[in-house]
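# Remarks on the overall topology
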Amino acid sequence: MPGIKTDLYDKAVKTGANIICLELEDGIAPQDKALARDNVVKFLERDVNTENKSEQVIRVNPINTAEGMKDLLALLKCKNPPTSVMFPKINNSEEVALIDDLFEDFKVPTRIQIIIETNPGLEAAFEIAQQSNRTDALFFGGVDMAAELRCSLDWDALSYARSRVVHAAAAAEIDVLDVPFLDLSDLKGLEQEALKAKTLGFTGKGAIHPSQIAIINQVFTPSKKELDYAQKIIKE
């Protein structure tokens, strides 16, 4: 959700999504960046009922930009820091080390989620995933990645990039989430792409509309057959 519309948060929690992401980056026009940042800080500092609350994540602007540093410092100084911060366009492990050091300096328990969506980031994905014990997940940023690679958003065109991100996350034993499916009218296409992502090794998939959440949860939730088989193996 865009950070200028924090009033939608309580509604979003009821959708069944595991993560609710308040957005300060691409979904916010340049002239609204400061307003969105102020709104998110005010939202974090309010009293929030934590019962059945989804994981709370704030996506900031890239940390190698002025807006990104403003975002990060505002969140670190907030009296109630977010559960997790999502960092777009991470290019190398040194950037993750800087983030980790800042979190340590401010003594916050905030976790890290990282979007791999640049060519340097893809090349360094393995080291990026391993850099910080705070990192919970890698996200595959397919739209920006396709622009960097000068290719289409087609599954086959991005299969190599997806596989590298899955490999990096698996080696670090963290979650890895696929890019949202952009055609809101094509729920069948969403299901097919989610199934491909699960088969490849992704542990989840992003959503940009509540109508997508039930399908994504259904695809990535282990079936009763899978659970029964796993329990049988453990018992044996």
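Residues numbered from 1 in each chain as written. Predicted model: local features only at pLDDT ≥ 70, side-chain atom pairs only at ≥ 80, totals over all residues. Heavy atoms only, no water.

## Structural notes on helix H10 (residues 213-220)
By the burial criterion, the buried members of H10 are Ile-213, Ile-215, Ile-216, Val-219 and Phe-220. On an axial view of H10, the arc spanned by its buried residues comes to 165°, and they lie on one face. Counted as exposed and oriented over 90 degrees from the buried face of H10: Ala-214 and Gln-218. Those residues of H10 hidden inside the fold are in contact with helix H9 (187-200) and strand E7 (204-205). (Buried < 20%, exposed > 50% of the residue type's maximum accessible area, 1.4 Å probe, protein only. Helix = DSSP H or I, 4+ residues; strand = E, 2+ residues; numbered from the N terminus. Arc of directions from axis to C-beta. Contact = heavy atoms within 4.5 Å.)

## Some details on the nonpolar core
By size, the foremost hydrophobic cluster in this structure holds 61 residues, and its most contacted members are Phe-87, Phe-103, Ile-114, Leu-138 and Phe-140. Top contributing element to this core by residue count: helix H8 (residues 159-172), with 6 residues. For Phe-87, the contacting residues outside a window of four places in its chain are Val-60, Ile-63, Leu-72, Ile-99, Phe-103, Ile-112, Gln-113, Ile-114 and Ile-115. Residues Ile-115, Ala-137, Phe-139 and Leu-177 belong to the second largest nonpolar core, which totals 6 residues. (Core = buried A, V, L, I, M, F, W, Y, C linked by side-chain atoms within 4.5 Å.)

## Remarks on the packing of helix H2 (residues 33-45) against helix H3 (residues 66-77)
Between H2 and H3, the shortest axis-to-axis distance is 10 Å and the interhelical angle comes to 15°. As the angle between them shows, H2 and H3 are arranged roughly parallel. Between H2 and H3 lies a crossing whose hand is right-handed. Here H2 contributes Lys-33, Arg-37, Val-40, Val-41 and Leu-44 to the contact with H3, which in turn contributes Glu-67, Lys-70, Asp-71, Ala-74 and Leu-75. (Axes fitted to C-alpha atoms, helices over the stretch in contact; angles between N-to-C directions. Parallel < 35°, antiparallel > 145°, perpendicular 65-115°, else oblique. Left-handed = near helix turned anticlockwise from the far one by under 90°.)

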